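# Observations on chain architecture
Chain by chain, the residues run as shown.
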Amino acid sequence: MKKLFAMLIVAALMLSGIAALAEKGTLTMCTNVAFPPYEFYDENGQPTGIDVQIAKAICAKLGYELEIVDIEFAQCIPGVQSGKYDFSAAGMTVTEERKQMVQFTDTYATGIQSIIAPEAATFESIDDIVEANGTVKIGVQMATTGDLYSTWDYEDEGKGTVDRYANGAAAVQALLAGKVDCVVIDNEPAKNFIAQNEGLKILDTAYAVEDYAMAFGKDSAIYADFNAALAELIADGTVQGIIDEFIPAE
Ligand code: GLN
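Attention in this report is confined to the structure presented alongside it. Quantities reported herein were computed from a predicted structural model and do not represent experimental measurements.

### Some words on the overall build of the protein
Looking only at helices and strands, the protein features ten helices and 14 strands. The principal-axis extents of the C-alpha atoms in the protein amount to approximately 85 × 35 × 35 Å. Long-range pairs, those at least 24 residues apart, make up 74% of the contacts in the protein with a sequence separation of at least 6. Only carbon and sulfur atoms are counted for the fraction: they give 54% of the accessible area of the protein, which is about 12600 Å². Of note, the protein has its 15 positive side-chain charges centred 10 Å away from the centre of its 38 negative side-chain charges.

### Here's the deal with the pattern of salt bridges
The final tally for this structure, using the stated rule, is five salt bridges. The salt bridge partner of Glu232 is Lys61, with a shortest N-O separation of 2.9 Å. In this pair, Glu232 sits in helix α9 (residues 223–235) while Lys61 sits in helix α2 (residues 50–62), placing the two residues 171 residues apart along the sequence. What makes Glu232 partly exposed here is its relative accessible area of 44%. A residue is classified by how much of its surface remains accessible, and Lys61, at 40% relative accessible area, is partly exposed. The residue Lys191 makes a salt bridge to Glu188 at a minimum N-O spacing of 2.9 Å. Highlighted residues: Lys191 and Glu188, both in helix α8 (residues 187–196), separated by three residues, approximately one helical turn.

### Focus: the layout of surface pockets
Estimates place the volume of the largest pocket at around 150 Å³. Taken together, Phe73, Ala74, Ile77, Pro78, Thr95, Glu97, Arg98, Met101, Ala143 and Leu148 make up the full set of residues lining the largest pocket. Looking at the lining of the largest pocket, the elements that each hand over two or more residues are α3 (76–81) and α4 (96–99). Taken together, the residues of the lining of the largest pocket sort by class into seven nonpolar, one polar and two charged.

### Considering the packing of α2 against helix α10 (residues 238–246)
At a closest axis distance of 9 Å, the pairing of α2 and α10 adopts a crossing angle of 150 degrees. Taken together, α2 and α10 sit at an angle that is classed as roughly antiparallel. The handedness of the crossing between α2 and α10 is right-handed. Across the interface between the two elements, Ile50, Gln53 and Ile54 from α2 touch Val239, Ile242, Ile243 and Phe246 from α10.

### Here's the deal with the nonpolar core
Ile50, Ile54, Phe87, Tyr108, Ile116, Met214 and Phe226 are the most contacted members of the largest nonpolar core, which totals 41 residues. What Ile54 contacts, discounting residues up to four positions off in sequence, is Tyr108, Met214, Leu230, Val239 and Ile242. Membership of the second largest hydrophobic core comes to 17 residues, among which are Ile129, Val162, Val184 and Tyr207.

### Observations concerning the site of the ligand
For the ligand, the set of nearby residues contains 13 residues, the closest of which are Ala90, Thr93, Gln141, Thr145 and Asp186. With respect to the ligand, the side chain of Arg98 contributes an N or O atom lying 2.8 Å from an oxygen atom. Here an oxygen atom of the ligand and a backbone polar atom of Thr145 are 2.7 Å apart. Assessed atom by atom at 2 Å from the grid points, the ligand resides in the largest cavity. Tallied by class, residues from the shell around the ligand come to five nonpolar, five polar and three charged.

Calculation rules
Residues numbered from 1 in each chain as written. Predicted model: local features only at pLDDT ≥ 70, side-chain atom pairs only at ≥ 80, totals over all residues. Heavy atoms only, no water. Helix = DSSP H or I, 4+ residues; strand = E, 2+ residues; numbered from the N terminus. Contact = heavy atoms within 4.5 Å. Areas by Shrake-Rupley, 256 points an atom, 1.4 Å probe, with all protein chains shown as cover. Lys, Arg positive; Asp, Glu negative; His and termini not counted. Charge placed at Lys NZ, Arg CZ, Asp CG, Glu CD. Salt bridge = Lys/Arg side-chain N within 4 Å of Asp/Glu carboxyl O. Buried < 20%, exposed > 50% of the residue type's maximum accessible area, 1.4 Å probe, protein only. 1 Å grid on protein atoms, 1.4 Å probe; cavity = no way out; pocket = protein on both sides within 12 Å on 5 of 7 lines; lining within 4 Å. Points joined across faces, edges and corners; volume = space filled by probe spheres on them. Nonpolar A, V, L, I, M, F, W, Y, C, P; charged D, E, K, R; others polar. Axes fitted to C-alpha atoms, helices over the stretch in contact; angles between N-to-C directions. Parallel < 35°, antiparallel > 145°, perpendicular 65-115°, else oblique. Left-handed = near helix turned anticlockwise from the far one by under 90°. Core = buried A, V, L, I, M, F, W, Y, C linked by side-chain atoms within 4.5 Å. Near = heavy atom within 4 Å. Polar contact = N/O pair within 3.5 Å; in protein donor to acceptor, adjacent residues only side chain to side chain. Sits in = over half its atoms within 2 Å of the grid points.

Here's what the structure looks like:
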């Protein structure tokens, strides 16, 4: 009995020791897990995708556990800015405005804004819709670059309205329901959404190529080590290998 008791104490001490270590060694990543192929849930309900696998590789290299927190994209920058999360990897475009709020790692991927439209649509651009109807209703994911550009180029110009959804999938559902004329979203998620839903097609936009990077709070203590590890994984081809896994060559 005494022996058992002693063993239990040892086990409890060991467990609390492991817990303390894990606590110290966990990095929290915030992202919106509805942005395939960068982040989505696999068939077992686990987050995966390009961002997730790169973040995992960096954490493994640095000896950290990775915890992924699924939030709205609009909350990712405020979340790292306030220190609530260690970093955000969310197919996030580097912009001058965002650089005022967070610090970005090296860029590891690129994106381009695309327009998702009904397959039967005869227009080739958002301007075509404005020309034909005098106005346009654009669906976007709130606080994304697609939201910013659509707002600047159409809403602010008095050419139409922008409907902002919590995530890209919700914007696509609104398009399928006929609530918006088109959806502006990054090209790789756009490809995934049209593959998953019938009756949609992709148009290109005039918007330029964007660089994706991970975002950290400005006073992050882990930023330098994390970025150095990312740079190594870019240099040794690991990052490209992960991208190729999720974006099959055309
Ligand atoms: N690349 C876009 C942006 O940074 C969209 C990112 C996202 O929706 N996860 O605004």
